[in-house]
Amino acid sequence: MNSHPLKDQLRRSIRDLRISVTDRCNFRCSYCMPKEIFGDDFAFLPKSECLSFEEIHRLAKLFVCLGVKKIRLTGGEPLMRRNLPDLVSQILSIDGVEDIGLTTNGLLLGQQANRLYEAGLRRLNVSVDALDPELFGRLNGRGIKPGFILKQIEYAREIGFEIKVNMVVQKGINDSEILPMAAYFKEQGITLRFIEFMDVGNDTGWSFDKVITKKEIVERLKNTYELEPMNQNYFGEVAKRYRYKDSDAQVGFITSVSESFCSSCTRARLSSDGKFYTCLFASGGFDLRQMLRNGTNDEELLAVITSVWEQRTDRYSDERTEQTAKNRKKISMSYIGG
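In every chain, residue numbers begin from 1 and rise along the written sequence. The predicted nature of this model means local features are confined to residues of pLDDT at least 70 and side-chain atom pairs, given and counted, to a pLDDT of 80 or more, with totals for whole chains, interfaces and linings taken over all residues. Hydrogens are left out, water is left out, and the side-chain values use all remaining heavy atoms of the structure.

Secondary structure assignment for the protein chain yields twelve helices and twelve strands. In this setup the radius of gyration rests on C-alpha atoms only. A globule is expected at 2.2 Å times the number of residues raised to 0.38. Taking 338 residues into account, the globule formula puts the C-alpha radius of gyration at 20 Å, and the protein chain, at 19 Å, falls close to it. The principal-axis extent of the C-alpha atoms belonging to the protein chain is close to 55 × 45 × 40 Å. Relative to its 338 residues, the protein chain shows a buried fraction of 57%. The contacts in the protein chain between residues at least 6 apart in sequence include a share of 74% that link residues at least 24 apart. The protein chains shown are the only cover counted for residues, whose accessible areas, like all others here, come from Shrake-Rupley with a 1.4 Å probe. Summed over all atoms, the accessible surface of the protein chain reaches about 14,900 Å², with 46% contributed by carbon and sulfur. Here Asp and Glu are counted as negative and Lys and Arg as positive; His is not counted, and neither are the chain ends. Lys charges are placed at NZ, Arg charges at CZ, Asp charges at CG and Glu charges at CD. Averaged over its 49 positive side-chain charges, the protein chain has a centre that lies 1 Å from the centre of its 46 negative ones. In DSSP terms, a helix is any run of H or I states spanning at least four residues, a strand is any run of E spanning at least two, and both are numbered starting from the N terminus. Here the term buried applies to any residue with accessible area under 20% of the maximum for its type, exposed to any over 50%, and partly exposed to those in between, with areas from a 1.4 Å probe on protein chains only. By the convention used here, residues are in contact when the closest approach between their heavy atoms is within 4.5 Å.

Structure (structure tokens):
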């Protein structure tokens, strides 16, 4: 199949595909899967409704034909999907895939890092929201201590993984950890990325009052460190990056609330049950699984994916208000992938 780079209604290309391989997770973080909503009796997707690896591989090939270069595996917690290294190998066999990454909470990393590396995975984003043991245990909803996750990170680094750490910052919750987190990961030479608390889904109790902006975080960091801004690595790069002047270590900011980046968004999303979404804050998606299982051929699937993307007008973060955040029905981040 020939490559047909796509543009949406705002002239944005399709370049990145985020694939959620499961809606299940072993953490219950309040900004994603609060345990009050996702209790022990919560009904997750049955295996039969999730895309098989063969179906994911087939769809990934089609997205690559249309311009996708980078793929990220997400969840839920992707390491809960059995035999995930097999999927990594399948995706890396696709001609045109230039990069694959994985976002994880790190809990199962020690068990799977070797096989993932052998399959060809090289980049990991690990979520760590605090270094204080009591606070981290409360934030993850399972009482897991940060020391265990930090050991998994070190183990993965020793194998050879490039690692970035993601911290979702909430005012009055874990913003006291900004400087301790910066100090620790600067010393380790690991890039730390501060993520503004976003209103993904409708179960997280989000409000502007709980957001610590990039500007506020930078001001706190500048009381201790000298930072210099860095240029983008590529068009559509999400993180705004800075370098510590006395170190090679970097720090990044995901500014979906205070400095939206809708105008350069090149990301498509595929849920674990085969829905195609064109925005993290989407209210609905297009069902590709049904087409796959009804025998639709690749040319017809390409036509549908092309049509959905070409009609895309999403710019939610540009338009967000307290009212729209409260009233708009949005898909849960644990389902759509972060």
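What follows picks up the thread again.
Glancing now at the side chain of Lys 70. Of note, Lys 70 is situated in strand S2 (residues 70-74). Here Lys 70 sits buried without a salt bridge, and the closest side chain of opposite charge, Asp 99, lies 4.3 Å off (N-O distance). Any Lys or Arg side-chain nitrogen located within 4 Å of an Asp or Glu carboxyl oxygen qualifies as a salt bridge.

Attention now goes to the pattern of salt bridges. If the charged atoms of two oppositely charged side chains come close together, the side chains can form a pair. On inspection of all chains with the given rule, the structure shows 20 salt bridges. Put simply, Arg 58 and Asp 298 hold a salt bridge, and the shortest N to O gap is 2.8 Å. Taken together, the residues Arg 58 in helix H1 (residues 53-65) and Asp 298 in helix H9 (residues 298-310) connect sequence positions 240 residues apart. Arg 315 is the partner of Asp 318 in a salt bridge, and the nearest nitrogen-oxygen pair spans 3.5 Å. Bridged by salt links that share partners, the residues Asp 8, Arg 12, Arg 312 and Asp 314 form one connected network.

In this structure, Leu 73, Phe 194, Leu 221 and Leu 288 are the most contacted members of the largest nonpolar core, which totals 113 residues. Looking at this core element by element, the count peaks at eight residues for H1. Think of a nonpolar core as a cluster: buried Ala, Val, Leu, Ile, Met, Phe, Trp, Tyr and Cys residues, connected wherever their side-chain atoms sit within 4.5 Å.

Read across the open sheet, the twelve strands follow the order S7-S8-S9-S6-S5-S4-S3-S2-S1-S10-S11-S12; overall the sheet is mixed. Both edges of this open sheet fall to strand S7 (227-229) and strand S12 (286-287), since each of them pairs with a single strand only. Two strands are said to pair when DSSP picks up at least two bridges between them.

So, on to the packing of helix H3 (residues 109-119) against helix H5 (residues 146-159). Note on geometry: axes are lines fitted to C-alpha atoms, helical ones only across the stretch in contact, with angles between N-to-C directions running from 0 to 180 degrees. For the pair H3 and H5, interaxial distance at closest approach is 9 Å and the crossing angle is 20 degrees. Relative to H5, the element H3 is oriented roughly parallel. As for how H3 packs across H5, the hand of that crossing is right-handed. Touching Leu 109, Gly 110, Ala 113, Asn 114 and Tyr 117 of H3 are Gln 152, Tyr 155, Ala 156 and Ile 159, all from H5. Polar here means any residue other than Ala, Val, Leu, Ile, Met, Phe, Trp, Tyr, Cys and Pro, which are nonpolar, and Asp, Glu, Lys and Arg, which are charged; Gly is therefore polar. Residues that form the contact of H3 with H5 fall into these classes: six nonpolar, three polar and no charged. For classification, angles of less than 35 degrees are called roughly parallel, those exceeding 145 degrees roughly antiparallel, those between 65 and 115 degrees roughly perpendicular, and all remaining angles oblique. Whether a crossing is left-handed or right-handed is set by the direction in which the near helix is turned from the far one by less than a right angle, anticlockwise for left-handed and clockwise for right-handed.

This brings us to H1. Expected span of a helix, by definition, is 1.5 Å for each gap between consecutive residues, and there is one gap fewer than residues. Taking 1.5 Å as the rise per residue, H1 with 13 residues should run 18 Å; its terminal C-alpha atoms sit 18 Å apart, in good agreement. Buried within H1 are the following residues: Phe 53, Glu 55, Ile 56, His 57, Leu 59, Ala 60, Leu 62, Phe 63, Val 64 and Cys 65. Downstream of H1 by a residue or two, Gly 67 has a phi angle that is positive, lying close to 130 degrees.

Structurally, Arg 15 can be placed in the segment before strand S1 (16-20). Remark: the alpha-carbon pair of Arg 15 and Ala 249, spanning 234 residues in sequence, is separated by 27 Å. Setting aside residues no more than four positions away along its own chain, Arg 15 makes contact with Gly 67, Val 68, Lys 69, Lys 70, Tyr 234, Phe 235 and Thr 266.

What follows covers the packing of aromatic side chains. Aromatic rings from Phe, Tyr and Trp, taking only the six-membered ring of Trp, are treated as a pair when their centres fall within 6.5 Å; an angle between ring planes under 30 degrees marks them as stacked, one over 60 as edge-to-face, and anything in between as tilted. Counted according to the given criterion, the structure contains twelve aromatic pairs. With a centroid separation of 6.4 Å and 80 degrees between ring planes, the pair formed by Phe 27 and Phe 136 is classed as edge-to-face. Residue Phe 27 is located in the loop between S1 and H1, and its partner Phe 136 is located in helix H4 (residues 133-140); the two are separated by 109 residues in the primary sequence. Residue classification places Phe 136 among the buried positions, given a relative accessible area of 3%. Between Trp 206 and Phe 208 the ring centres are 4.8 Å apart and the planes differ by 65 degrees, which places this aromatic pair in the edge-to-face class.

Let us now look at unusual backbone geometry. The omega angle of the peptide bond from Gly 75 to Gly 76 is 15 degrees, so this bond is cis rather than trans. At Arg 11, a position not held by glycine, the phi torsion is positive, near 65 degrees. In this structure, Arg 11 sits in the segment before S1. Residues other than glycine seldom take positive phi values, yet Asn 83 does so here, at roughly 60 degrees. Structurally, Asn 83 is set in the loop between S2 and helix H2 (84-92). Taking the relative accessible area as the measure of exposure, Asn 83 reaches 40% and is therefore partly exposed.

Counting buried positions over the six residues of strand S3 (residues 99-104) gives five, a clear majority of the element. Running through H2, the crossover from S2 to the neighbouring parallel element S3 is right-handed. Strand direction decides the pairing type here: S3 and strand S4 (residues 123-127), joined by four bridges, are parallel. Paired with Thr 103 across the two strands is Asn 125, which belongs to S4. Handedness of a crossover is defined as follows: orient the strands so they point away from the viewer, and if the path from the first strand over the helix to the second runs clockwise, the crossover is right-handed. Crossover connection from S3 via H3 to parallel S4: handedness right-handed.

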